[in-house]
Every structure is written in C-alpha cells, then in structure tokens.
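Remarks on the overall topology
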Amino acid sequence: MTNTMEKAKTQVFNNFIDGKWVKSETGRTFASLNPANQDEVIGQFPLSNANDTKKAVDAAHKAFQEWKRTPAPERAELILKAAALLEDRKEELARNMVREMGKVIKEARGDVQEAIDMAKYAAGEGRRLLGMTVPSELRNKFAMAVRAPIGVIGVITPWNFPVAIPSWKILPALVAGNTVVFKPASETPYVALQFVEILAEAGLPPGVVNFITGSGREVGTPLIEDPRVGCISVTGSSETGRKIAGRCGELMKRITCELGGKNAICVMEDADLDLAVDGALWGAFGTAGQRCTATSRVIIHEKVYKEFAERFVERAKKLRIGDGLDPQNDVGPVVNKDQLKSINEYVEIGKNEGAKLLFGGRILTDGALAKGCFHEPTVFGDVKANMRIAQEEIFGPVTALIPVKNFEEAIEVANGTQYGLSLSMYTRDVNRAFKAIEDLESGIVYINAPTIGAEIQLPFGGVKQTGNGHREAGTTAIEQFTEWKTVYVDYSGHLQKAQIDKYEGQ
Ligand code: NAD
C-alpha cells in the first residue's frame, strides 16, 4: 500500500472542548507516525491555534465554578471510575502507545499501569486533601488552613510517558477541584486523546478536562498567556522549561517544571556486580534511553571498572532491537528521525572528544528496521566527567562509563552536572549507602537499584536545572495544584488583637 493510500484512509481526530469533540478552526492537521515504521500513519491531529486555545480556556473557566463546589469525595469517585476504565483498556492503550511512541510492550503496559496507580491514589486524596489546624494564641479563637483549588491548570506534556505523565498532572489537579486544558506532545497525540476519552467516559462534566493538540508556539504560548489560567504544569526539556518559567515569572503565574536529567549509577568496588550490571542495563537502555531518569552515566570504581565494562558490553550486545510489539524485543525505536539524528550526532561528539566506543554507535537500517528510527544501544568507555557526552542530556540509548578512584570522587562526578533528577549508589557498605543518600544532589536517590523506577506515592522531581522546586506525585502533587487559605474564626464576641492582647491585661 502506498503512503498516499494509507494517508487517505487515515483517521482525522479532533480537539475535546466543553465535552465535545470539535475541529480546529485552522482546518490544518499534522500526522502522528509509528517510529518503528514511519510509513504507518497513526492519525491526523488538529494544528490548533490561539482561538482554539481560547475556547478551551473559556470552557475550563466556566466549568471551574461548579467543579470546585462539587465535594472532593464526589470528584474522586469519577477519578476512581477512570481507574477502572484504564484497567479495562490497559492492553489497548499499551499497544497503541507502542505504535505511536515506540517503547516495548512490557514498558508500555507499565506506563498505563502508572496512570492506573495514580488514578487510585488521587481518588484516595478526595477524602484527605489535608489541611492544618493549630492552636490560636488567643482564647475563643479557632485557627486553620484549608486547601483551595487554583482554577484552570494548563498541562503541557512530553512524549516519553504519554499516559503516565498526563495522569500525574491531570488527576491530582482534578481531585483538588481544578479544571484542565491539556496540550500533549505532538509526537503522541493519539494515546493522549485516548486517555482523555477515558476521563470523559468516567463522567467528568463538560469543560472539566479539555484537550487541544498543536505546537508549543500556537497552543502552548496562548495557554500560558491567558490570565484565566492560574498554573502551568510542564514536563519537557530544560530549555522549554526555562522559557515557560521565565514568562510565567513575569506574569506572576504558578509554574511547575519537571525537566531534563543526566542521571548516574555509581558502582563501588564492594558492589554486587551482577546486580549493578542488571541495573545499569535496564537504566541505560529501557525505553531506548528516552526517560528523564535514564542512566546515561555509570561511574565505576577503578578496581572493578574493567570487569564491569566487559560484562556490561557483553550484555548490551545481546539486547534484541526491533518493533516494540514483538515481546521478544528488548529495545524499541527512538521517537522520530530528528531524535535519531541528534543521538547519532552525540556518538560522533563522543568519538571526537576521545571517549572509547566500546559497543554500538550506529543507526540501524537492516531489513525492516530501515523503515523506523532504530539506534544501536551504545556504550562509551574511558569517559571523562567533563566531556559533553557526560554532561548533556542525549535522550537515547547511549551511556558513558566513567572510571573514578574512590567513593568521594564518585559522588563529586555524580553531582557534577547541571541536572539533579536521579542518582544511584551500588555498594554493600551501609555507611557508604547513607553517606551517598546525604551527599548526592538529586531529587531522587536509589541504593542498589537503577535510576529509573519511581513509584507514584512519593514525590517525583529534581533539583538544579531539572526543576523549579515543585514535586509531582505523592501528596506533593496536591501541593502543586492548590492554594492555601488561612482561616481564623473568632468566637469571643469582642475584638481580640493577636501579638498584642496576650501581653496586655492578663
Ligand atoms: P520538549 O521540551 O520538546 O516538549 C515538551 C512539551 O512542551 C511539548 O508538549 C511541547 O509541544 C511543549 N513546548 C515546547 N516549547 C514550548 C513553548 N515555548 N511554549 C509552550 N509549550 C512548549 O520535550 P520532549 O522532547 O517532548 O520531551 C523530552 C524532554 O522531557 C527531555 O528533556 C526529558 O528529560 C524531559 N522529561 C522530564 C521529565 C521529568 O519528570 N523531569 C519526565 C519526562 C521527560
């Protein structure tokens, strides 16, 4: 079948505004392609503009008035229904995710499972949304702080966790009483749309969640600029985050950012090397290295460096690369041709910097792989901590092995990048493990486990250029999406003056 014929029968999808699936007023669309076979068009999606975005914000703003008054446990019931629907459609969503984004099927199921977990967790928050009560310094006075929703939340997401990341943002935002305008990454609009379908099917009232596809410039920017949007929650590259955070700063708008990473596993001379090799392999090449928490550096004590490198490369050679729908495959394609090119450019940069290419480095074009965006798992050895391949986020199946002399140097190298998302220490020495927990500068620390594998019931996020101090998931997700309202109730019947009365006349 020719490309044109495929295109002719390609389904055209719409935005979701005020409870209805509607066309963009631009009439223009973009295609979402399968990264394992770029001839397969997943669908056409609206290239929306500022007017479409305004309509979505209109709907969310209007719906907020009723939604915020809906009791939180009632809001939570709908989120729980969404959890059940996600469970019912888990396999379908996972398979579509593989087709649209490339990760292997097992990992795609994990991505959907994360959304199911988050839905259940967020639903539980509907009966908590904990506030504070404290004693007043005065008699006959009650002091407390309660949570209030912010209003309309603008949700801007990347493509690498196309269901999980939207769920981390949208579900806690909703249970807290906000309404949402969701702009997904243009690489993964289809599974994002299916997630929204499920929310609608769960019974969310019109306008509570709105979905609009298009570019960062034409949809993202008007969303950020609209004064009725009280908070922007973005996950993406540090460059994108910096731009959006800068503008939100000028507008005095809340902005929560989850951005890039340059994560590392440290392997000490007393580590269980089998365990460390397993962990590094999964951390470096899971999701073809396209995780914000991917292990793109392995920092190894010189006493075990040679042995680790040999074992690691042996294992990397055995990884099966191919379409993620084949359960035999370990590593799928990267998301698109641009990303493939950029990853391969980093391979050249690494070689030119003098790092030793121990394995991989090629774009794969054998047989059926030629139609997709496949890159060999790639291992560089003898990498120096200041090389670009050890400093910059590559976001692909490339990892750098860095030898170090001792524990202290390992910590220094691990901390020596602009990022601070996830760092890990492999050691059997409990004292070193706790020292690492104390000294590693990152939002997430693992001991004897790789840099990937966060669970949704604890805070998720990073320090330095990875974020701006907020955390997703866990109870901190509720912090992201609520305002504190401090309330004093004086039932004394006369004027009482805090800080003054208690020192006078008593
Ligand atoms: P990206 O920065 O290119 O895009 C992210 C989203 O922002 C997309 O929806 C995009 O359309 C939108 N966008 C881009 N420019 C914009 C602008 N000026 N205004 C408004 N919106 C704009 O990132 P990506 O390529 O989709 O994802 C990969 C990046 O995401 C990596 O850097 C990765 O580390 C990061 N990431 C971070 C986390 C985390 O939690 N820290 C999780 C996943 C991915």
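Residues numbered from 1 in each chain as written. Predicted model: local features only at pLDDT ≥ 70, side-chain atom pairs only at ≥ 80, totals over all residues. Heavy atoms only, no water.

Concerning the domain arrangement of the chain
Here is the rule we go by: Here the bounds of each domain stem from an automatic or database domain assignment. We call two residues in contact when some of their heavy atoms are within 4.5 Å. Basic side-chain nitrogens of Lys or Arg form a salt bridge, by our definition, when they fall within 4 Å of a carboxyl oxygen of Asp or Glu.
Segmenting the chain into domains produces domain 1 (25-127 + 148-259 + 470-485) and domain 2 (263-447). The gap between the C-alpha centroids of domain 1 and domain 2 is 30 Å. Taken together, the contacts link 22 residues of domain 1 with 28 residues of domain 2. Put simply, domain 1 and domain 2 have two salt bridges between them. Notably, a salt bridge pairs Arg291 with Glu107, separated by 3.8 Å at the nearest N-O pair.

Things to note about the site of the ligand
Stated formally: Proximity is defined per residue: if any heavy atom of the residue lies within 4 Å of a molecule or strand, that residue is considered near it. For the purposes of these results, a polar contact is taken to be a pair of N or O atoms within 3.5 Å, where, inside protein, one atom must be able to donate a hydrogen and its partner to accept one; residues adjacent in sequence count only when each atom of the pair is a side-chain atom. Residue exposure ignores everything except the shown protein chains as possible cover, and the areas themselves are Shrake-Rupley values with a 1.4 Å probe. Under the scheme used here, helices are H or I runs from DSSP no shorter than 4 residues and strands are E runs no shorter than 2 residues, and both carry numbers assigned from the N terminus. Each residue receives one of three labels: charged for Asp, Glu, Lys and Arg, nonpolar for Ala, Val, Leu, Ile, Met, Phe, Trp, Tyr, Cys and Pro, and polar for the others, Gly being one of them.
Around the ligand sit 25 residues, and of these Thr157, Ser237, Thr240, Leu259 and Glu393 come closest. Between the ligand and the protein, one listed contact pairs an oxygen atom with a backbone N or O atom of Gly236 at 3.3 Å. Glu393 places a polar side-chain atom, nitrogen or oxygen, 2.6 Å from an oxygen atom of the ligand. In isolation the ligand has 850 Å² of accessible area, and contact with the protein removes 86% of it. Elements that contribute at least two residues to the shell around the ligand include exactly helix H8 (216-225) and helix H9 (238-251). No other element matches the three residues that H8 contributes to the shell around the ligand. Here the shell around the ligand is composed, by residue class, of 13 nonpolar, nine polar and three charged.

Here's the deal with the sheet that holds strand S23 (residues 482-490)
In any sheet, the strands associate via hydrogen bonds between backbone groups, in a parallel or an antiparallel arrangement. Our working rule: Criterion used throughout: strands pair if DSSP finds at least two bridges between them. Note on method: axes are straight lines fitted to C-alpha atoms, helices fitted across the in-contact stretch only, with angles between N-to-C directions ranging 0 to 180 degrees.
Reading across from one edge, S5-S6-S23 is the order of the three strands in this open sheet, with antiparallel pairing throughout. At either margin of the open sheet sits one strand with a lone partner, and together these are strand S5 (132-134) and S23. Averaged over neighbouring strand pairs, the angle between their axes works out to 20° when direction is ignored. With nine bridges joining them, strand S6 (residues 141-149) and S23 adopt antiparallel strand pairing. Its bridge partner being in S23, Met144 is matched across the sheet by Val487.

Structural notes on a nonpolar patch on the surface
How we decide: Patch definition: residues above 30% relative accessible area lacking any salt bridge, with like charges linked at up to 9 Å and the nonpolar side chains Val, Leu, Ile, Met, Phe, Trp and Tyr linked at up to 5 Å.
Where nonpolar side chains cluster on the molecular surface, the patch consists of Met132, Val134 and Trp484 and spans about 280 Å² of accessible area. Turning to its location among the elements, Met132 is positioned in strand S5.

Details of the nonpolar core
Our working rule: Nine residue types can take part in a nonpolar core, namely buried Ala, Val, Leu, Ile, Met, Phe, Trp, Tyr and Cys, and a core is a set of them joined through side-chain atoms within 4.5 Å. Partly exposed describes any residue whose relative accessible area lies between the buried limit of under 20% and the exposed limit of over 50%, with all areas from a 1.4 Å probe on protein chains only and scaled to the type maximum.
Among the nonpolar cores identified, the biggest contains 70 residues, and Ile170, Leu174, Val180 and Val209 are the most heavily contacted of them. A total of 10 residues in this core trace back to one element, the largest contributor, which is helix H5 (residues 105-125). Counting residues domain by domain, this core receives three or more from each of domain 1 (25-127 + 148-259 + 470-485) and domain 2 (263-447). Core analysis: the second largest hydrophobic core is formed by 56 residues, Ile299, Val398, Ile411 and Ala436 among them.

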